[in-house]
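Structure at a glance
Listed below, chain by chain, are the residues.
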Amino acid sequence: MIETDNPDISPTGPVDEAEPQLRALTPHVAIRRVAVLVNPLSGSVGPRAAAEVEAIMADYPCEAEVVELAGETMDAQITTALSASPDVLFVLAGDGTARAVASRAGPRGPLVAPLPGGTMNMLPKALYGTTDWKAALRAALETGSARAVSGGEVEGHAFYCAGIFGSPALWAPAREAMRTGKLGLAWTYGRRALRRAFSGKIRVELDGGKARRSEALALISPLISRAMEKPDGLEAAAMNPADAAEVFRLAAAALFSDWRQDPSVVTRPARNIRIRARSRIPAVLDGEPVLLPHDTTVIFVARAFQALAPDPVAAGTGIP
């Protein structure tokens, strides 16, 4: 028997170090190639996010390319990532970037997984039930399955959670500023919303029906709607307060609570929605403010894109 003082050498030869144990990928879809788009300047992302993504992806048996989005080249980088046809395209960026990638991928593109990297994170929270992007990334990789996401489209803008049209949409920036602790900014936005809150009503036609006047309209996608049993339309919630006091109460509800519980809100499903006003229409689409033409139409899109998302019951989100 040969003796040795070297602990790395056994009598029969060198001892191999144990290979790192990789984590199992989801059994529901085949994941071989992954692309991850990271915008370090977005909301809750930060300059170390790309390196953190790479460290997480090293735990899984798939090929991964991590791309940091940068300024003027961002659009070209998104195009390149989509044209490479990865099995899954993760997006760790702001809400607007996630929506843009999802709309460009469409129902025939790669699976899209929008991670919570923005401020409001409406779409990521609806899909993953968390604002922790690392937890969402691992959950999608380990338990995700393909999920068709429907939504709405208006004037080239897509939304997958909710759109608010009319004066209460002006309260959205104030609400977000309050949520992030920017009280001075919230006050500024709130004063601006109050100045415009009573500037006029909108006229709404649902699926070619009779035009009805309303203070505002909310269109909620089947992804988050509690009223839609099947994904066959948008939940249209018309807000019809009786007077100025009711309008103020509705605006306060939009800022501080769930406005859908307001007694002046009436809902029904719709697929084609025409909205008219005397001036341009303020709107908020998945948390992003936009200004629309005075006569505009919203279309329901049954299969807008395919997401990689955990089963809602297994993930504990409760989202139908």
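A short tour of the structure in this document, coming up. (Residues numbered from 1 in each chain as written. Predicted model: local features only at pLDDT ≥ 70, side-chain atom pairs only at ≥ 80, totals over all residues. Heavy atoms only, no water.)

**Describing the nonpolar core**
By size, the foremost hydrophobic cluster in this structure holds 55 residues, and its most contacted members are Ile-31, Phe-90, Phe-305 and Leu-308. Considering every element that reaches this core, the biggest residue donor is strand S5 (residues 88–93), with six residues. Those residues in contact with Ile-31 that sit more than four places away from it in its chain are Leu-25, Thr-26, Cys-62, Asp-87, Val-88, Leu-141 and Leu-308. (Core = buried A, V, L, I, M, F, W, Y, C linked by side-chain atoms within 4.5 Å. Buried < 20%, exposed > 50% of the residue type's maximum accessible area, 1.4 Å probe, protein only. Helix = DSSP H or I, 4+ residues; strand = E, 2+ residues; numbered from the N terminus. Contact = heavy atoms within 4.5 Å.)

**As for the pairing of strand S18 (residues 295–310)**
As defined by bridge partners, strand S7 (residues 144–154) adjoins S18 across nine bridges and the pair is classed as antiparallel. In the sheet register, Val-149 faces S18, and the bridge partner there is Phe-305. (Pairing = 2+ DSSP bridges.)

**Some remarks on the packing of helix H1 (residues 49–57) against helix H5 (residues 133–143)**
Running from N to C, H1 and H5 cross one another at 30°; their axes reach a closest spacing of 11 Å. The angle between the axes of H1 and H5 places the two elements in the roughly parallel class. The two elements H1 and H5 meet at a crossing, and its hand is right-handed. Within the contact between the two elements, H1 uses Ala-49, Glu-52, Val-53, Ile-56 and Met-57 and H5 uses Trp-133, Lys-134, Leu-137, Arg-138 and Leu-141. Taken together, the residues of the contact of H1 with H5 break down into seven nonpolar, no polar and three charged. (Axes fitted to C-alpha atoms, helices over the stretch in contact; angles between N-to-C directions. Parallel < 35°, antiparallel > 145°, perpendicular 65-115°, else oblique. Left-handed = near helix turned anticlockwise from the far one by under 90°. Nonpolar A, V, L, I, M, F, W, Y, C, P; charged D, E, K, R; others polar.)

**Examining the pairing of strand S13 (residues 234–239)**
Within S13, five of the six residues are buried, which leaves the element mostly enclosed by the surrounding structure. Direction of pairing for strand S12 (residues 216–220) relative to S13: antiparallel, over a ladder of five bridges. Paired with Leu-217 across the strands is Ala-238, a residue of S13.

**Describing the pattern of salt bridges**
Where side chains of opposite charge bring their charged atoms close, a pairing between them can arise. Under the counting rule described, the total for this entry stands at ten salt bridges. We note a salt bridge from Arg-23 to Glu-142, for which the minimum N-O separation is 2.7 Å. Here Glu-142 lies in helix H5 and Arg-23 lies in the loop between strand S2 (13–14) and strand S3 (33–38), a separation of 119 residues in the sequence. Accessibility expressed as a relative area gives 24% for Glu-142, which makes it partly exposed. Salt bridges linked by common partners bring Glu-205, Arg-274, Arg-276 and Asp-295 together as one network. (Salt bridge = Lys/Arg side-chain N within 4 Å of Asp/Glu carboxyl O.)

**Thoughts on empty space enclosed by the protein**
What the rule picks out here adds up to two cavities of 30 Å³ or more. Its boundaries defined by the atoms lining it, the largest cavity holds a volume of some 50 Å³. Asp-95, Ala-98, Arg-99, Asn-121, Met-122, Leu-123, Pro-124 and Asp-286 together form the lining of the largest cavity. Within the lining of the largest cavity, the residues separate by chemical class into four nonpolar, one polar and three charged. (1 Å grid on protein atoms, 1.4 Å probe; cavity = no way out; pocket = protein on both sides within 12 Å on 5 of 7 lines; lining within 4 Å. Points joined across faces, edges and corners; volume = space filled by probe spheres on them.)

**A word on the packing of helix H2 (residues 74–83) against helix H3 (residues 95–105)**
The geometry of H2 relative to H3 is characterised by a closest axis approach of 11 Å and an angle of 40° between their N-to-C directions. Overall, the two elements H2 and H3 adopt an arrangement that is oblique. Once H2 is placed against H3, the crossing between them reads as right-handed. Contacts between H2 and H3 pair Met-74, Asp-75, Ile-78, Thr-79 and Leu-82 from the former with Thr-97, Val-101, Arg-104 and Ala-105 from the latter. Residues that form the contact of H2 with H3 fall into these classes: five nonpolar, two polar and two charged.

Treat this as a map of the structure, not an account of what it does.
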